[in-house]
Amino acid sequence: MNKNMFRLLLGQFVTIFGSQLYSFAISYYILKETQSGLLFGVSLALGMLPQFLCSPFAGVISDLFERKKIIVATDALSGTFLMLIYLISRSTGMSIFYIYFLMFVLAVLAVFNLIALQSALPNAVDKELLPKLNSLSQSISSFSRISAPWIGGFIILKIDIQLFLFINAISFFIAAILEYHIVFAESKKKSAEIKDCINFKKIIEDIKESYTYSKDNSLIFTILIFMISMNFLFQFGFTVPVPYIINNTLMLSSRQYGMIQSMTSLGALTTSLIMSSKFKVEKSKQLLIRAISVMSLLMVFMGLATAYGELNLNKNISFLFFIVLNFMFGGAIVSSNIPINVILQTSSDDSHRGRVMGLSSMLSSAITPCAVIVSGILLDLDWMHSYFLCIGGGGILLILVTIMSRKKEMQN
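These numbers were taken from a predicted model, which means no experiment stands behind them. (Residues numbered from 1 in each chain as written. Predicted model: local features only at pLDDT ≥ 70, side-chain atom pairs only at ≥ 80, totals over all residues. Heavy atoms only, no water.)

Caption draft 1: How the structure looks around the overall build of the protein. The secondary structure content of the protein amounts to 16 helices and 0 strands. Sequence separation of 24 or more characterises 89% of the internal contacts of the protein that already satisfy a separation of 6 or more. A total of about 19300 Å² of accessible surface is found on the protein, and carbon and sulfur atoms cover 67% of it. (Helix = DSSP H or I, 4+ residues; strand = E, 2+ residues; numbered from the N terminus. Contact = heavy atoms within 4.5 Å. Areas by Shrake-Rupley, 256 points an atom, 1.4 Å probe, with all protein chains shown as cover.)

Caption draft 2: Structural detail: the packing of helix α4 (residues 96-124) against helix α14 (residues 353-379). Remark: α4 packs on α14, axes separated minimally by 9 Å, with the N-to-C direction vectors making an angle of 135 degrees. Looking at the two axes, α4 sits oblique to α14. Seen along the crossing, α4 lies across α14 with a hand that is right-handed. Of the residues in α14, those in contact with Ile 115, Gln 118, Ser 119, Pro 122 and Asn 123 of α4 are Arg 353, Gly 354, Met 357, Gly 358 and Ser 361. Residue composition of the contact of α4 with α14, grouped by class: 3 nonpolar, 6 polar and 1 charged. (Axes fitted to C-alpha atoms, helices over the stretch in contact; angles between N-to-C directions. Parallel < 35°, antiparallel > 145°, perpendicular 65-115°, else oblique. Left-handed = near helix turned anticlockwise from the far one by under 90°. Nonpolar A, V, L, I, M, F, W, Y, C, P; charged D, E, K, R; others polar.)

Caption draft 3: Main features of the pattern of salt bridges. Across all of its chains, the model carries 5 salt bridges by this definition. Here Asp 63 makes a salt bridge to Arg 67, at a shortest N to O gap of 2.8 Å. With a relative accessible area of 6%, Asp 63 lands in the buried category. According to the relative accessible area criterion, Arg 67 is buried, its value standing at 0%. Between Glu 66 and Lys 69 there is a salt bridge, with the nearest N and O atoms lying 3.8 Å from each other. (Salt bridge = Lys/Arg side-chain N within 4 Å of Asp/Glu carboxyl O. Buried < 20%, exposed > 50% of the residue type's maximum accessible area, 1.4 Å probe, protein only.)

Caption draft 4: Spatial organisation of the packing of aromatic side chains. By the definition in use, this model includes 10 aromatic pairs. Judged by centre distance (5.4 Å) and plane angle (20 degrees), the ring pair of Phe 234 and Phe 238 falls under stacked. Here the residue Phe 234 and the residue Phe 238 both occupy positions in helix α9 (residues 218-239), the gap between them amounting to 4 residues, near one helical turn. The class for Phe 238 is buried, based on a relative accessible area of 7%. Arranged with centres 5.7 Å apart and planes meeting at 20 degrees, the rings of Phe 234 and Phe 329 form a pair that is stacked. Of the two residues, Phe 234 is situated in helix α9 and Phe 329 in helix α13 (residues 315-347); the sequence distance between them amounts to 95 residues. The same class applies to Phe 234 and to Phe 329, which are both buried. An aromatic cluster is built from Phe 81, Phe 97, Tyr 98 and Phe 101, whose rings are joined through pairwise contacts. Above the plane of the ring of Tyr 180 lies Lys 68, whose end atom (NZ or CZ) is 5.2 Å from the centre. (Phe/Tyr/Trp six-rings, centres within 6.5 Å; stacked < 30°, edge-to-face > 60°. Lys NZ or Arg CZ within 6 Å of the ring centre and 35° of its normal.)

Caption draft 5: Spotlight on a nonpolar patch on the surface. Judged by side-chain polarity, Leu 163, Phe 166, Ile 167, Ile 170 and Ile 174 come together as a nonpolar surface patch covering roughly 370 Å² of accessible area. Within the element layout of this structure, Ile 170 appears in helix α6 (residues 161-180). (Patch = residues over 30% accessible without salt bridge, like charges linked within 9 Å, V, L, I, M, F, W, Y side chains within 5 Å.)

Caption draft 6: Spotlight on the packing of α9 against α13. Their axes nearest at 11 Å, the elements α9 and α13 cross at an angle of 160 degrees. When the interaxial angle is binned, α9 and α13 end up roughly antiparallel. For the element pair α9 and α13, the recorded crossing hand is left-handed. Contact residues: α9 offers Leu 219, Ile 220, Ile 223, Leu 224, Met 227, Met 230, Phe 234 and Phe 238, while α13 offers Asn 326, Phe 329, Ile 333, Ser 336, Ile 340, Ile 343, Leu 344 and Ser 347.

Caption draft 7: The arrangement of the environment of Asn 4 in detail. Tracing the chain through its elements places Asn 4 in helix α1 (residues 3-34). Among residues more than four places away in sequence, those in contact with Asn 4 are Ala 124, His 181, Ile 182 and Val 183.

As structure tokens, then:
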């Protein structure tokens, strides 16, 4: 592994792991101190909204400025805001306002950081190493999601929330220092372009241009349209109904539910590590089609297993079945996400890559609430069985991936 890749991955690990620890600790603090589901829900919304609202603007800024400066600056600013709230809370105490303010600011900075980072990956390594870098990046994300709650649960019992903010601030500063030493092969931005970034009208025009550019590139347009459909059906047929099936239909225990949920992240981590050495750029399209096909079949199997298990299967067999299926599903998710990122990164010009990644992020975040709400409404209907959603979502996804596989853009 070259030094550039090592510094980038280490900086990303420090950032993501620190963010996951912070999210866990703040969620725990809100629930423990306020005992309010509403306040907890507001905190989740503040963390999710910036991805939808800021992604297009983050894409434009990523194409105007040097992406390395954005990555370093956003991590440094995250550390600065954490340190600022830490110092203020030391004298005035911790308040829910500080928490909300910090969650929103950090979420906004995270959007700019992530899109700049995704856009800059092709400038950090040779094209042949891009799949490996994306795979290892996914491994870091999966490992952080698995380990951060465990470690965070232990730490939060030993130290107070203010000290936790201080430690998290230091982690962001460390990430910024590591990222400062990364070498990106970026073209220099023109000063006239940089002046344009303060012109709101020009920013809106650049956002519109991202739609035009994506629409004119048949491969990017195909991937974006399919990504929206896939994300909707994934949320509709897996994210909402599977927890409902485990807890309400099959009546498994909370401990079993936690183990099943963790299998998705474990499957994602295992698969991303394997792909870091096996996946090649020229195989991106084939891998994407196969991964989505597997994902759709797993959703159908989950629905059929639930229908059968509800009538004939004992709880232990159902538990083991869902352990295996969720592990495989986590692998299928990674096997689709990594090729999508690689295709978008390699099919976009460097001058438009940030806007394409920003558009991708915005579309993904926009469709999620719709899918979750529709799925939740259907689950509340007396005649709607939970396994219908899995079977229906998986079946439609299988039809869509078959259609996509026959498009000429996916066969070249």
